[in-house]
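# Overview (structure and organization)
One letter stands for each residue in the lines below.
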Amino acid sequence: MIALITGASSGIGREMAKNLATRGVNLILVARRTERLFELKEEIKFNCPGVKVKTITADLSKQQQCFDLYDRVKDYRIDFLFNNAGFGLYGAFTETDLNEELAMIDVNIKAVHILTKLFLRDFTERNSGYILNTASVAGFMPGPLLATYYATKNYVVQLTKAIYEELRSTGSRVVISALCPGPVNTEFNAVAGVKSFGMPAENEAYVADYAIERLLCGDLLIIPGMTTKAAAAGSRFAPTKLLLRTVRTIQEQKNR
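Quick notes on the rules
- Residues numbered from 1 in each chain as written.
- Predicted model: local features only at pLDDT ≥ 70, side-chain atom pairs only at ≥ 80, totals over all residues.
- Heavy atoms only, no water.
- Patch = residues over 30% accessible without salt bridge, like charges linked within 9 Å, V, L, I, M, F, W, Y side chains within 5 Å.
- Areas by Shrake-Rupley, 256 points an atom, 1.4 Å probe, with all protein chains shown as cover.
- Salt bridge = Lys/Arg side-chain N within 4 Å of Asp/Glu carboxyl O.
- Helix = DSSP H or I, 4+ residues; strand = E, 2+ residues; numbered from the N terminus.
- Buried < 20%, exposed > 50% of the residue type's maximum accessible area, 1.4 Å probe, protein only.
- Phe/Tyr/Trp six-rings, centres within 6.5 Å; stacked < 30°, edge-to-face > 60°.
- Axes fitted to C-alpha atoms, helices over the stretch in contact; angles between N-to-C directions.
- Parallel < 35°, antiparallel > 145°, perpendicular 65-115°, else oblique.
- Left-handed = near helix turned anticlockwise from the far one by under 90°.
- Contact = heavy atoms within 4.5 Å.
- Lys, Arg positive; Asp, Glu negative; His and termini not counted.

## Structural notes on a nonpolar patch on the surface
On the surface, a cluster of nonpolar side chains totalling about 250 Å² of accessible area is made up of Leu98, Leu102 and Ile105. Mapped onto the fold, Leu102 is located in helix H4 (residues 98–126). According to the relative accessible area criterion, Leu102 is partly exposed, its value standing at 42%.

## Focus on the pattern of salt bridges
One pass over the structure, following the stated rule, counts 13 salt bridges. Residue Lys18 is joined to Glu15 by a salt bridge in which the shortest nitrogen-to-oxygen separation is 3.2 Å. Of this pair, Lys18 and Glu15 are both found in helix H1 (residues 11–22), three residues apart, which corresponds to roughly one turn of the helix. Two residues, Arg168 and Glu165, come together in a salt bridge whose shortest N-O distance is 2.7 Å. Taken together, the residues span about one helical turn, with Arg168 and Glu165 both in helix H5 (residues 147–169) at a distance of three residues. Through salt bridges with shared partners, a single ionic network connects Arg14, Glu15, Lys18 and Glu43.

## Points about the packing of aromatic side chains
On inspection of all chains with the given rule, the structure shows six aromatic pairs. Aromatic side chains Phe80 and Tyr130 sit 5.0 Å apart centroid to centroid with 15° between the ring planes, which places their arrangement in the stacked category. With Phe80 in strand S4 (residues 80–83) and Tyr130 in strand S5 (residues 130–134), this pair connects stretches of sequence that are 50 residues apart. You can call Phe80 buried: its relative accessible area is 5%. Consider the rings of Tyr149 and Tyr150, whose centres lie 6.2 Å apart with planes at 70°: the pair is edge-to-face. Judged by its relative accessible area of 11%, Tyr149 falls in the buried class. By relative accessible area, Tyr150 is classed as buried at 10%.

## A few points about the packing of H4 against H5
For the pair H4 and H5, the least separation of the axes is 9 Å and the interaxial angle reads 10°. With respect to H5, the axis of H4 lies roughly parallel. Considering only the axes of H4 and H5, their crossing is right-handed. Contacts between H4 and H5 pair Glu101, Met104, Ile105, Asn108, Ile109, Val112, His113, Thr116, Leu120 and Thr124 from the former with Thr148, Tyr149, Thr152, Lys153, Tyr155, Val156, Leu159, Ile163 and Leu167 from the latter.

## Side note on the side chain of Glu101
Relative to the elements of secondary structure, Glu101 occurs in helix H4. For the buried residue Glu101, which engages in no salt bridge, the nearest side chain bearing the opposite charge is Lys110, 14 Å off. Not counting the four nearest positions on each side in its chain, Glu101 is found in contact with Leu89, Phe93, Thr96 and Thr148.

## So, unusual backbone geometry
Keep in mind that most residues, glycine aside, have a negative phi and that most peptide bonds are trans. The phi angle at Asn127 is positive, at roughly 60°, despite the residue not being glycine. Mapped onto the fold, Asn127 is located in the loop between H4 and S5. The backbone of Leu145 shows a phi angle near 80°, a positive value even though the residue is not glycine.

## Some details on the environment of Ile5
Mapped onto the elements of the fold, Ile5 is located in strand S1 (residues 2–6). Taking the C-alpha atoms as reference points, Ile5 and Leu81, 76 residues apart in sequence, are found 6.2 Å from one another. Not counting residues up to four positions away in its chain, the partners in contact with Ile5 are Gly13, Met16, Ala17, Leu20, Leu27, Ile28, Leu29, Val30 and Phe82.

Listed below in structure tokens is the structure:
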């Protein structure tokens, strides 16, 4: 079996790669940082010598590189697509950098959309395959001070849910899921420009393992941790203005 993982050079993507390798899954690892990918490849080859690892350097904020990535691997029989690349940006909407936000939309939305569509066509044709789109518990609510990031994750959640139903209604055996973690101990804070999560964070290895297990079970929404599950459930019933104030208060704590 072969898994393609974007955003594989760090965080959840890196842990997914190591986890899948222990299961004997061959890997195609994609990220912008070539050196990080090479280090991960060598680590996996040392710990799991029977696993084949291919690395591809790509910047998925550039639309053409998403199409180029698919063209490079389309002749492989990909079994798993992990759309894991993404980042956030902290600050008031009037003050955050527009170009960074547009790049975030390109990575968090456009790349996920393009790769999901292209690989899903192949998966549905052969009636097998798994797609995991990394969203966030942020995908269930609005996010003052991380407005664009939350909006991108809402897109990922809703797109995944809609595709899930299309597949279910046709009796397809293809599985698509959205991973919706809360805070996870990754490089997210440094990239987003915040000092802390403002609430307890999950271990990235645990999140990766939980996500893979639940994907294999066919779950639509994968929400690791009881605190995150409670937050996701609460967001459905809280009055909108109360939810907005609560989320803003949590976000403000991230820079204290």
